[in-house]
2 protein chains.
Amino acid sequence: MAVDNSILTELDGVFPANQARSREAQARLLAAGERVFAEKGYDEAHVSDIAAAANCSVGSFYRRFRDKEALFRALHMQFILRIGRNMARFLAMPEWSDKPTYEILRTLIGNSARVIERHHGFFRALFQRTLAGAGSSYILALRVADNESGRLLAAFLRERGEGVGEDLDETCILALRTVDAVLINRVLRRQITGDTVAPPLVVDMLTRMLAAGVGVTPPD
Amino acid sequence: MAVDNSILTELDGVFPANQARSREAQARLLAAGERVFAEKGYDEAHVSDIAAAANCSVGSFYRRFRDKEALFRALHMQFILRIGRNMARFLAMPEWSDKPTYEILRTLIGNSARVIERHHGFFRALFQRTLAGAGSSYILALRVADNESGRLLAAFLRERGEGVGEDLDETCILALRTVDAVLINRVLRRQITGDTVAPPLVVDMLTRMLAAGVGVTPPD
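Residues numbered from 1 in each chain as written. Chains lettered and ligands numbered in written order. Predicted model: local features only at pLDDT ≥ 70, side-chain atom pairs only at ≥ 80, totals over all residues. Heavy atoms only, no water.

Q: Pulling in residues and values, what's your account of the overall build of chain A?
A: What chain A contains, in helices and strands, is nine helices and zero strands. Beginning at the N terminus, the succession of helices and strands in chain A can be written as α-α-α-α-α-α-α-α-α. Relative to the globule expectation of 17 Å for 220 residues, the C-alpha radius of gyration of chain A, 19 Å, shows essentially globular dimensions. Its C-alpha atoms give chain A principal-axis dimensions of about 60 × 40 × 30 Å. Counting the 220 residues in chain A, one finds 53% classified as buried. For chain A, the accessible area works out to roughly 9800 Å², and carbon and sulfur atoms hold 52% of it. Averaged over its 28 positive side-chain charges, chain A has a centre that lies 7 Å from the centre of its 27 negative ones. (Helix = DSSP H or I, 4+ residues; strand = E, 2+ residues; numbered from the N terminus. Rg over C-alpha atoms; globule rule 2.2 N^0.38 Å. Buried < 20%, exposed > 50% of the residue type's maximum accessible area, 1.4 Å probe, protein only. Areas by Shrake-Rupley, 256 points an atom, 1.4 Å probe, with all protein chains shown as cover. Lys, Arg positive; Asp, Glu negative; His and termini not counted. Charge placed at Lys NZ, Arg CZ, Asp CG, Glu CD.)

Q: Explain the interface of chain B and chain A to me, and be specific about the residues and the numbers.
A: In this assembly, 39 residues from chain B lie in contact with 38 residues from chain A. Taken together, the two surfaces of chain B and chain A that pack against each other cover about 3500 Å², and 68% of this comes from carbon and sulfur. Sorting the residues of chain B by area buried against chain A places B:Leu131, B:Ile192 and B:Met209 first, and these three jointly supply 21% of that buried surface. Our count for the contact surface shared by chain B and chain A stands at two salt bridges. Where chain B touches chain A, the interface holds eight residue pairs in polar contact (both at pLDDT 80 or more). Listed by contribution, the elements that provide at least two residues to the side of chain B that touches chain A are helix H6 (120-131), helix H7 (136-159), helix H8 (168-193) and helix H9 (200-214) of chain B. For the side of chain B that touches chain A, the element with the highest residue contribution is H8(B), accounting for 14 residues. Each residue belonging to the side of chain B that touches chain A can be placed in one class, and the counts come to 19 nonpolar, 11 polar and nine charged. (Contact = heavy atoms within 4.5 Å. Buried area = accessible area lost by both parts, 1.4 Å probe. Salt bridge = Lys/Arg side-chain N within 4 Å of Asp/Glu carboxyl O. Polar contact = N/O pair within 3.5 Å; in protein donor to acceptor, adjacent residues only side chain to side chain. Nonpolar A, V, L, I, M, F, W, Y, C, P; charged D, E, K, R; others polar.)

Q: Got a sec to walk through the relation of the copies chain B and chain A? Specific residues and values, please.
A: Relative to chain A, chain B is turned by 180° and slid 0.0 Å along the rotation axis, the superposed coordinates differing by an RMSD of 0.0 Å. The operation mapping one copy onto its partner corresponds to a two-fold rotation axis. When C-alpha distances to the rotation axis are compared across chain B, the minimum falls at B:Met209, with a value of 2.1 Å. Counting the interface residues of chain B, we find that 97% of their copies in chain A are interface residues as well, pointing to one common contact surface. (Least-squares fit on C-alpha atoms with pLDDT ≥ 70 in both.)

Q: Can you break down the packing of helix H5 (residues 101-118) of chain A against helix H9 (residues 200-214) of chain A residue by residue, with the values?
A: In a pair of packed helices, the angle between the axes and the distance between the axes together describe the arrangement. Residue and element names in this part refer to chain A. One can describe the packing of H5 onto H9 by two numbers: an axis separation of 9 Å at closest approach and a directional angle of 125°. Between H5 and H9, the interaxial angle falls into the category oblique. Relative to H9, the crossing made by H5 is right-handed. For the pair formed by H5 and H9, the contact residues are Tyr102, Leu105, Arg106 and Ile109 on the first element and Val203, Asp204, Leu206, Thr207, Arg208, Leu210, Ala211 and Val214 on the second. For the contact of H5 with H9, the class distribution of residues is eight nonpolar, one polar and three charged. (Axes fitted to C-alpha atoms, helices over the stretch in contact; angles between N-to-C directions. Parallel < 35°, antiparallel > 145°, perpendicular 65-115°, else oblique. Left-handed = near helix turned anticlockwise from the far one by under 90°.)

Structure (C-alpha cells):
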C-alpha cells in the first residue's frame, strides 16, 4: 500500500520532492534505508550504503535528506501514517459481517506480523535509537497512533456487542501493544534465533491471548 | 536473592575473586554496572562511570574485569542463573496447594515485572548489544534458560490437571516469553512514557492473556 508522501516534506531535514523523478528517488532511498537498517543496524549504516542500495549517488541522497536521521524521521512518519490507515481499512472490510470476531482477531495478528516483518529495518533502527536515548519523540508519536488503533478496535468490538470492561479502549490499546511487542521481538531476534516470525502455533496462541485480553469468546 | 558468584570466574575476562573483600568489590561493581547501564545505556557507559558508581577506583575495576564487556558477561550469567532458580523456587512454594492456578499466574506476572524492573540496566544493555549485532550468544543462552522455565511451568500445570494442548511445553515457553516481552518493553520505555511498569490493569490483562495462552480457566 503506497503512502502519500507529500506530508514528508513537512519534516525537518526532508527536502521537497516535487517532480515525479525526485519522488521516485525519495521512495527508493526510503526502501533502501529500511533494507540497510535491517541488515546492519542504524549505527553501522552509512549514507553511502543506503545510496548504493537505492542505486543512487550519495549526492542524490543529500538532495532528498539532510542526513541519515532525516531519512529515519521520514520512515517513522510513513509508518505512523500506515498504522491508523491500516487498522481503519482492516476493520471496515465487508467480509467481517458474517465472521466470528475470534477469526477476525487471528487475521489481524497475521497481518500485523507481516507488516512488522516488512519493516524490520525501521524497528531495528527505532529500538537502537530509543535505547541510545535519542528516540523519545519517536516513541511518543508512535504511541499516539497505536492508541488510535486500539480505540478503533474497541469501537469495532462494541458495535458487535463484544469486548469486556469499562476500560475497553484502554484494554484494547494494551492488548494490541502486547501482541505487537511479541511480534517485534520475534522479528528483531530472527537473525539470531532462526525462528519463523509467526508460525501457526504462535498465531494460535497470540489469538487466544488477544481474545482473552479484550474479552472475545473463542468459538466452541 | 544472592547468587553464588563463584561460577563467574569461569567466564572469559572475569578474574578470580578469592577473598571476601574482592568478592564484595565484584558484587558492588556488578550492581553499579546495572545502574549505569540503566541510566546511560551500554554504549555511553564508561568504565570510569561504573567504578565511580561502585565507589571503586578504575584500577579496582580492571582487577576484577578485563573490560566493560566482561562485566556485562558476568551480569548475563548472573541473570541466567536467576531465571531457572527463581521459577523452580516459585512453583515449589507450599502455599500454592490450595490456591487457584489463575491466582498463581497473577503472582508470577507481578514477580516477573519486579525482577525485570530491577534489572533494567541489564536489559537495556542486552537489547543494545543484540541490535548492534553483538549479542547472539547472549540471546541464545537466555533462551535455553527461558525454555527451562516454560517446561517447569508446564510440568506444574500438568500436575494440577490444567493446561491445554499436546504442545504444552512449547505453549508455556511461548506464553511466558510473550509476557516477558511486554514487561521488558514497558521497562525499557518507562523513561520516555512515564508509565508504571505493572499497574493493576496491565497485570489483570496479562493474567487473562497468560491463562488463555496456556489453557488455565479463570475463576467465575
